[in-house]
Structure formats: C-alpha cells, structure tokens
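Structure assessment
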Amino acid sequence: MHLPNPPLQHLATLSQSTQQRLLIGLAGLPGSGKTTLASQLQNEFLKQYPASSMQVLSMDGFHLSKAQLSEFPDPERAFARRGAPWTFDAAGFVQKLTELKAGQSRVTWPVFEHSVGDPVADALVIEPSCQIVLVEGLYILYREAVWAGLEGLWDETWYLDTPLELAQARLVQRHQQAWGISYAAALERVLSSDAKNAALVASLRDQADYLMAV
C-alpha cells in the first residue's frame, strides 16, 4: 500500500507519536532516485518542521573496499559484480543500525567517496538527539545470511516504486558520465551487473510497509 499521507506529514505524525528514535528504511532499484528523494525529504521536512531533527544516511558506505574485493578468490568477478549483496559489509551495516536503534550515544557512519571508488569510515556523526534517521539503499528489505540481522530494526520500510526502464536509462547515463564510456559499454555494464541487483531488489518490493510513487 502507498503511504497513507504525504511523506512529510507522515514523518511528522510518526515523530509526534513517540520519544524514541525512528529508523526508516528506503529501498528501491539501482537508479530509482532513492538518494535524490531522501535528500529532498530531509530538506523539506526540516523547513516545514524546524523544531524536529532528521538525518539521511546511505548504505553505500558499506561497500567493501577495492582492497577487500582484491582478496576474493575471484577478484575479477567481485569487481564486475560490485553492488551485489555479497560485496557489502553486511555485518557492519547491521551493527551500525543496531547502535542507531539504541539511540544512546553518538554513532559514526561511513560514506562512499565516488572520486576514489572506496568507502570512507566515520565520515558522518549522528547525535543521540536526532529523532528521525532515514537510511536509503538497495538491500533495506533483504534478509538472507547476515542481512537477516536487519529484521526488527526498522520502524518502517518504504519502497520507491520506479519503473525498471526509467531506472535503467538513468544508470546508463550515470555510467557514461562517470567513466566517459559509450552508450553500448554503459548498457553492457547495466545488463551484466546492475540488472541482476535490480531483479533481486524488485523481488523484495512486497516486503515494504509502504510504496512510494515516482
């Protein structure tokens, strides 16, 4: 089902209903627009509700580093499939979310530095006073292996319901701009890796508490 109210109003209602920290997970396909939407929601929410506190985080900071991928039995495959669940530090992600859920102390959070293609540890700090934390990422709804530790941590999960064709077109353009490659080369990368990740994410769509239209 779709969010019962506009997202900002829904967040305000949630925050007024409890004194505890709220963890909201935003899932969606690669290229669905999760990062852009999360940033817009934060900016608009804090403008409309200046007395509230909200921070947006991404799970991208939990990508395994290039050095770690190089140690895989098949490094070439690991790099080619970077973005698949097994190329993330799932245990680290679960641990940080568990600390955020407790809400008792300052929590640091990594970010992914695209200019170097690697995560940067402890780049962000979330203070105990921050009540709403919105985390966006591909595998918010995934529960296999170590990812099962996410169960029970989210107060709500949202799924950005972007059409596959639109998400793929955005990815092709993103890859072209990032690496200066041709349309054909970018499409090949999308179909060989991103599309596989997208299929997994799409299969989890119905596990979300709410859907969000593009």
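Structure: see above.
Computed from a predicted structure; not experimentally measured. (Residues numbered from 1 in each chain as written. Predicted model: local features only at pLDDT ≥ 70, side-chain atom pairs only at ≥ 80, totals over all residues. Heavy atoms only, no water.)

What follows covers the packing of aromatic side chains. Tallying each qualifying case throughout the model produces eleven aromatic pairs. When the ring of Phe62 is compared with that of Trp109, the centres are 5.0 Å apart and the planes differ by 80 degrees; the resulting orientation is edge-to-face. Taken together, the residues Phe62 in the loop between strand S2 (54-58) and helix H3 (66-70) and Trp109 in strand S3 (residues 107-113) connect sequence positions 47 residues apart. Judged by centre distance (6.1 Å) and plane angle (70 degrees), the ring pair of Phe93 and Trp109 falls under edge-to-face. Here Phe93 is found in helix H5 (residues 90-102), whereas its partner Trp109 is found in strand S3, with 16 residues between them in sequence. For Phe93, a relative accessible area of 0% gives the class buried. With relative accessibility at 0%, the residue Trp109 sits in the buried group. Three or more aromatic residues joined by ring pairs form one cluster here, namely Phe62, Phe88, Phe93, Trp109, Tyr139, Tyr142 and Trp147. (Phe/Tyr/Trp six-rings, centres within 6.5 Å; stacked < 30°, edge-to-face > 60°. Helix = DSSP H or I, 4+ residues; strand = E, 2+ residues; numbered from the N terminus. Buried < 20%, exposed > 50% of the residue type's maximum accessible area, 1.4 Å probe, protein only.)

Moving on: the nonpolar core. In terms of nonpolar packing, the biggest core is built from 34 residues, with Phe93, Leu97, Leu100, Trp109, Val135 and Trp147 touching the most fellow members. Counting only elements with at least two residues in this core, the list comes to strand S1 (22-28), H5, S3, strand S5 (132-136) and helix H7 (183-203). The dominant element in this core, judged by the number of residues it contributes, is H5, at five residues. Ignoring sequence-local partners within four residues, the contact set of Phe93 consists of Met59, Phe62, Trp109, Val135, Ile140, Trp147, Leu150 and Trp154. Counting 20 residues, the second largest nonpolar core, distinct from the first, contains Leu11, Leu37, Met54 and Ile132. (Core = buried A, V, L, I, M, F, W, Y, C linked by side-chain atoms within 4.5 Å. Contact = heavy atoms within 4.5 Å.)

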